[in-house]
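Read off the chains here:
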Amino acid sequence: MALKTAHPKAVVAGGAGFLGSHLCQRLIADGFEVLCVDDLSTGRESNIRHLLEHAGFSFLRSDVAMERLTVQGDVELVFHLASPASPTAYLARPVETLLAGSLGTRNLLELARSKHARFLLASTSEVYGDPQVSPQSEDYWGHVNPVGPRSAYDEAKRFAESLTVAYRSASGVDTGIARIFNTYGPRMQADDGRVVSTFIRQALSEMPLTVHGDGHQTRSLCYVDDTVEGLMRFARSEHSGPVNLGSPRELTVRRIAALVRVVTQSSSPIQFVAAMVDDPKVRCPDISLAKTLLRWVPAVSLETGLENTAKWMAGELNDALPARA
Ligand code: NAD
Ligand code: UDP
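Residues numbered from 1 in each chain as written. Chains lettered and ligands numbered in written order. Predicted model: local features only at pLDDT ≥ 70, side-chain atom pairs only at ≥ 80, totals over all residues. Heavy atoms only, no water.

Draft legend 1. Up close: the overall build of the chain. The number of helices and strands found in the chain is 11 helices and 13 strands. The C-alpha radius of gyration of the chain comes to 19 Å, within 12% of the 20 Å expected for a compact globule of 325 residues. The principal-axis extents of the C-alpha atoms in the chain amount to approximately 55 × 55 × 35 Å. For the chain, restricting intrachain contacts to residue pairs at least 6 apart in sequence, the fraction spanning at least 24 positions comes to 80%. Summed over its atoms, the accessible surface of the chain is roughly 14300 Å², and 53% of this surface lies on carbon and sulfur atoms. A distance of 1 Å separates the average location of the 33 positive side-chain charges in the chain from that of its 36 negative side-chain charges. (Helix = DSSP H or I, 4+ residues; strand = E, 2+ residues; numbered from the N terminus. Rg over C-alpha atoms; globule rule 2.2 N^0.38 Å. Contact = heavy atoms within 4.5 Å. Areas by Shrake-Rupley, 256 points an atom, 1.4 Å probe, with all protein chains shown as cover. Lys, Arg positive; Asp, Glu negative; His and termini not counted. Charge placed at Lys NZ, Arg CZ, Asp CG, Glu CD.)

Draft legend 2. Seen up close, the site of ligand 2. Among the 18 residues in the neighbourhood of ligand 2, the closest are listed as Thr210, His212, Arg219, Asp279 and Arg283. With respect to ligand 2, the side chain of asparagine 182 contributes an N or O atom lying 2.9 Å from an oxygen atom. Its residues assigned to classes, the shell around ligand 2 comprises 6 nonpolar, 6 polar and 6 charged. (Near = heavy atom within 4 Å. Polar contact = N/O pair within 3.5 Å; in protein donor to acceptor, adjacent residues only side chain to side chain. Nonpolar A, V, L, I, M, F, W, Y, C, P; charged D, E, K, R; others polar.)

Draft legend 3. Just the site of ligand 1, in detail. In the vicinity of ligand 1 lie 29 residues, with Leu19, Asp38, Thr42, Tyr153 and Thr183 positioned nearest. Within the backbone of glycine 17, an N or O atom sits 3.0 Å from an oxygen atom of ligand 1. Between an oxygen atom of ligand 1 and a main-chain N or O atom of threonine 183, the distance comes to 2.8 Å. Notes on ligand 1: free accessible area 810 Å², of which the protein chains cover 96%. Put simply, the parts of the chain that give the shell around ligand 1 at least two residues each are helix H1 (18–29), strand E5 (118–124) and helix H6 (151–171). Per-element tally for the shell around ligand 1: the top contributor is E5, with 3 residues.

Draft legend 4. Looking closely at the sheet that holds E5. Taken together, 7 strands build an open sheet; the order of strands is E3-E2-E1-E4-E5-E6-E11 and the sheet is parallel. A single partner strand is all that each edge strand has here, and the edge strands are strand E3 (57–61) and strand E11 (243–245). Between one strand and the next, the sheet's axes are offset by a mean angle of 20 degrees, whatever the strand orientation. Two elements, strand E2 (residues 33–38) and E3, share 5 bridges in a ladder whose sense is parallel. Across the sheet, cysteine 36 pairs through a bridge with phenylalanine 59, a residue of E3. Contacting strand E1 (9–13), E2, E3, strand E4 (77–80) and strand E6 (174–180), H1 runs over the sheet at an angle of about 170 degrees to E1. (Pairing = 2+ DSSP bridges. Axes fitted to C-alpha atoms, helices over the stretch in contact; angles between N-to-C directions.)

Draft legend 5. Focus on the packing of helix H7 (residues 195–204) against helix H11 (residues 302–320). Axis separation between H7 and H11 bottoms out at 10 Å; the angle between their running directions is 60 degrees. In this view, H7 runs oblique relative to H11, as classed from their interaxial angle. Considering the relative orientation of H7 and H11, their crossing is right-handed. Across the interface between the two elements, Val196, Ser197, Ile200, Arg201 and Leu204 of H7 pack against Leu306, Thr309, Ala310, Met313, Ala314 and Leu317 of H11. (Parallel < 35°, antiparallel > 145°, perpendicular 65-115°, else oblique. Left-handed = near helix turned anticlockwise from the far one by under 90°.)

Draft legend 6. Just empty space enclosed by the protein, in detail. All told, the structure shown has 1 cavity of 30 Å³ or more when counted by the stated rule. The volume enclosed by the largest cavity comes to roughly 30 Å³. Around the largest cavity sit His80, Ala82, Ser83, Ala100, Gly101, Thr105, Leu121, Lys157 and Ala160, which together line it. Only helix H4 (94–101) and H6 provide two or more residues apiece to the lining of the largest cavity. Its residues placed into classes, the lining of the largest cavity shows 4 nonpolar, 4 polar and 1 charged. (1 Å grid on protein atoms, 1.4 Å probe; cavity = no way out; pocket = protein on both sides within 12 Å on 5 of 7 lines; lining within 4 Å. Points joined across faces, edges and corners; volume = space filled by probe spheres on them.)

Draft legend 7. Structural view of helix H9 (residues 253–263). Listing the buried residues of H9 in full gives Val253, Ile256, Ala257, Leu259, Val260 and Val263. Along the axis of H9, the buried positions cluster into a sector of 165 degrees, meaning they face one direction only. Structurally, H9 contributes buried residues whose contacts are with H7, strand E8 (209–212), strand E9 (218–220), strand E12 (250–252), strand E13 (270–273) and H11. Phi turns positive one or two residues past the end of H9, at glutamine 265, with a value near 50 degrees. (Buried < 20%, exposed > 50% of the residue type's maximum accessible area, 1.4 Å probe, protein only. Arc of directions from axis to C-beta.)

Here it is as structure tokens:
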């Protein structure tokens, strides 16, 4: 997509979250004006504090499912990242999750329509559910339990994808759907329950690493800088997607635990705990499309990414300790 102005404006819904804050930072670095909209339900102001002093950056606290946005002037990109994202967060807030995917998507698509902006949906590998094929390519329809505990998230994103496609065909909105696979990095919250943040927090505190089930389930972990690079390439393209963005390096959860122990030089034991209901047994993206369309492949090795994340989280955990007299 050719940008229309010298200092284009981007709206980032969910911009105070983990992924959104890195995206805002990248947009500012690339010369965008950025309006970050977030209700701070799972995000934090500290994620964007360093951006607030930047003249091109502004923050609006708002629930995108409940309020329609009014934005002054031209807008070229609208990113929709506003949704609970970790299983812990969406299992605790299933209704809000469905509303973020439905009403939130509608409100942001309306903003894009009124501004003739490109709309980018942060969808997810969870639309493939507990997949029966692996790796997952974009033409796989998925295997989702529509009434299981994970359904609020999976179905919210599936509906959001469908609504995005409908606005493209019915209203001519320029849209793109990115299916993001597990992304990790600095600014993940230590208590968000996700595998990388939980294992690193446990390893740094010499607590047991809690592996769900037998740990043979797989995930493919992508470092946040790589995911943001993929999102930016996709935003600047004219492709509608869906496009998978993720790392094709597939690991069992046991192996992830072992790697975290090595990176953090921890002697934490592994503790096997109850499996999650409907936990996908495999997950690995086929990224052929992103390679061809966007010339994108992840560049940061898992070892380097985990080291960066562990270093950052050690600082966070240290700051959270009560000051010693
Ligand atoms: P996150 O929880 O850190 O970020 C989500 C942000 O959205 C938070 O700041 C939260 O406060 C905000 N938010 C939630 N509901 C909102 C609402 N109704 N109105 C306004 N703001 C709202 O999670 P994340 O990992 O940064 O995920 C960001 C997006 O990327 C999500 O949409 C998620 O589904 C998608 N995604 C993330 C991953 C991943 O591995 N991190 C993988 C696939 C998809
Ligand atoms: N997991 C685990 N221990 C934890 C947290 C997660 O074994 O303390 C497992 C989880 O059951 C899943 C995988 O790690 O199989 C990835 O979980 P996460 O919540 O990070 O993301 P998901 O891909 O399930 O959305």
